[in-house]
Amino acid sequence: RPAAALLGRPAQPLQSLLPPPQQQLLQQQQRGMATLKHKKVIKLARGYRGKRKNCYRVAIQAVERAMKLQYVSRKMKKREMRATWILRINAALRQYGESYSRFIPQLKKSNIQLDRKVRGAQSEA
C-alpha cells in the first residue's frame, strides 16, 4: 500500500508532483507521435477556411501546397528583383545613348565588379 493511503489521504498520481512543463511533456509522450504530428499540421493550417483548418487529411494537403508555393515564390522574388535592377540600369544608360547589353561586357572587360543590385540603386539616384 502507498504511504499516502496509510496516512488517510488519497494517493496522488506521480504526474501531479512534477512541475507543469514536465507534466505537459509527460502527457505528450503518452499521447503518441501521430497526435503530435497532426497537431503540428493543424497549427500550420491555422487561418485557412473550412475543413482545411481542422481536418487533418485536408489540412495536410493545403499545408503541403502552401509550402510548395512559398518555395517557388521565394525563387520568383529573386528573379523579379534581378529583372527590376536590369530595367533600372538600362533606363539610366539609355539617357546616355548606351544599352545594357553593350554596357555589361564593357564592365567585365575593364574588370569592374559591381553587382546589379548596387548598379540598380545607383541608376535610381
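Here we summarise the structure given alongside this text. What you see is a predicted model, and the numbers here were worked out from it, not measured in a lab. (Residues numbered from 1 in each chain as written. Predicted model: local features only at pLDDT ≥ 70, side-chain atom pairs only at ≥ 80, totals over all residues. Heavy atoms only, no water.)

1. So, the environment of Arg119
Heads up, the condition is: Secondary structure is summarised from DSSP: a helix means a run of H or I of at least four residues, a strand means a run of E of at least two, and numbering begins at the N terminus for each. Only heavy atoms enter the contact rule, under which two residues are in contact if any of them lie within 4.5 Å.
Residue placement: Arg119 occurs in helix α6 (residues 116-124). Those residues within four positions of Arg119 in sequence are excluded, and the remaining contacts are Ile89, Phe103, Ile104, Leu107 and Leu114.

2. Structural notes on the nonpolar core
Put simply, the rule reads: Throughout, nonpolar core names a set of buried Ala, Val, Leu, Ile, Met, Phe, Trp, Tyr and Cys residues whose side chains join them through atoms within 4.5 Å. In this scheme, a residue with accessible area under 20% of its type's maximum is buried, one over 50% is exposed, and one in between is partly exposed, where area comes from a 1.4 Å probe on protein chains only.
In terms of nonpolar packing, the biggest core is built from six residues, these being Ile89, Leu93, Tyr100, Phe103, Ile104 and Leu107. Once residues lying within four places of it in the same chain are set aside, the contact partners of Phe103 are Ile89, Leu93, Glu98 and Arg119. Counting five residues, the second-largest nonpolar core is a separate cluster that includes Val41, Ala45, Tyr56 and Ala59.

3. Some words on the environment of Ser101
To keep it simple, the criterion reads: In protein, a polar contact means a hydrogen-donor-capable atom and an acceptor-capable atom, both N or O and within 3.5 Å, with residues adjacent in sequence counting only if both atoms are side-chain atoms; elsewhere, any N or O pair within 3.5 Å suffices.
Note on placement: Ser101 falls in helix α5 (residues 100-109). Assessed through its relative accessible area of 55%, Ser101 is described here as exposed. Sequence separation of Ser101 and Asn90 is eleven residues, and the distance between their C-alpha atoms is 8.5 Å. A distance of 3.3 Å separates a polar atom in the side chain of Ser101 from a polar atom in the side chain of Ser99.

These results come straight from atomic positions and should not be treated as a statement about function.
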